[in-house]
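# What the coordinates show
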Amino acid sequence: GGRGGGGGYGGQGMDDQTIRNSLPEMYANRIVACIEQGRFQRNAVDERMLSALSQVKDPSALDKIVSEMETTNVDNVRNVAGYFMGIIRKNKNYNSGGFGGQF
């Protein structure tokens, strides 16, 4: 592993260690499992997306996001990292009022 030359915003996927360092273990493990099972490519979890995910402090929101990542079929999604960012944005303020989670 090692922290090889940073930069390169060319959809550089984060390694397992980085994912585990950024998220509570339970969620990190679920995301790593998805990558290992081929549900989505490693580069779907890029720096921006992981950073956004690590800022979600509400466990129920985090759980919803990771569940969506686990169940969404991304075969036809061109930019999976961007798609996941949308999921994060949609659920980030899950419990702070606003439009509730009615689905």
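Residues numbered from 1 in each chain as written. Predicted model: local features only at pLDDT ≥ 70, side-chain atom pairs only at ≥ 80, totals over all residues. Heavy atoms only, no water.

Between its terminal C-alpha atoms helix α2 (residues 25-37) stretches 18 Å, which fits the 18 Å expected from 13 residues at 1.5 Å a residue. Within α2 the residues assigned to the buried category are Tyr 27, Ala 28, Arg 30, Ile 31, Val 32, Cys 34 and Ile 35. Elements that come into contact with the buried residues of α2 comprise α1 (16-22), α3 (47-54) and α4 (59-71). Immediately beyond the C-terminal end of α2, within one or two residues, lies Gly 38, with a positive phi of roughly 80 degrees. (Helix = DSSP H or I, 4+ residues; strand = E, 2+ residues; numbered from the N terminus. Expected span 1.5 Å × (residues − 1). Buried < 20%, exposed > 50% of the residue type's maximum accessible area, 1.4 Å probe, protein only. Contact = heavy atoms within 4.5 Å.)

Okay, the side chain of Glu 68 next. Looking at the secondary structure, you find Glu 68 in helix α4. Each residue touching Glu 68, except ones within four places of it in the same chain, is listed here: Ile 87, Lys 90 and Asn 91.

A few words now on the nonpolar core. Ranked by internal contacts, the top residues of the largest apolar core, which has 28 residues, are Ile 19, Ile 31, Phe 40, Val 45, Met 49, Leu 53 and Phe 84. Elements that contribute at least two residues to this core include exactly α2, α3, α4 and α5 (80-92). When residues in this core are grouped by element, the largest group, six residues, is from α2. Once residues within four sequence positions are removed from consideration, Phe 40 is found in contact with Ile 31, Cys 34, Ile 35, Val 45, Met 69, Val 74, Val 80 and Phe 84. (Core = buried A, V, L, I, M, F, W, Y, C linked by side-chain atoms within 4.5 Å.)

Before going further, it helps to examine α5. With 13 residues, α5 should cover 18 Å at 1.5 Å per step; its first-to-last C-alpha distance of 18 Å lies within 8% of that length. Summarising the contacts, the buried residues of α5 are in contact with α3 and α4. N-capping of α5 is provided by Asn 79, with a side-chain oxygen placed 3.4 Å from the backbone N of Ala 81. (Polar contact = N/O pair within 3.5 Å; in protein donor to acceptor, adjacent residues only side chain to side chain.)

Its location among the elements puts Asn 91 in helix α5. Asn 91 sits 27 residues away from Lys 64 along the chain, and the two C-alpha atoms are 7.3 Å apart. Setting aside residues up to four positions removed in sequence, Asn 91 forms contacts with Ala 61, Lys 64, Ile 65 and Glu 68. A polar side-chain atom of Asn 91 sits 3.0 Å from the main-chain carbonyl oxygen of Ile 87.

Take the packing of aromatic side chains next. Taken as a whole, this structure holds two aromatic pairs when the rule is applied. With centroids separated by 5.0 Å and ring planes inclined at 75 degrees, the aromatic side chains of Phe 40 and Phe 84 adopt a geometry described as edge-to-face. Placement of the pair is Phe 40 in the loop between α2 and α3 and Phe 84 in helix α5, with a sequence separation of 44 residues. For the pair Phe 40 and Phe 84, one class covers both residues: buried. (Phe/Tyr/Trp six-rings, centres within 6.5 Å; stacked < 30°, edge-to-face > 60°.)

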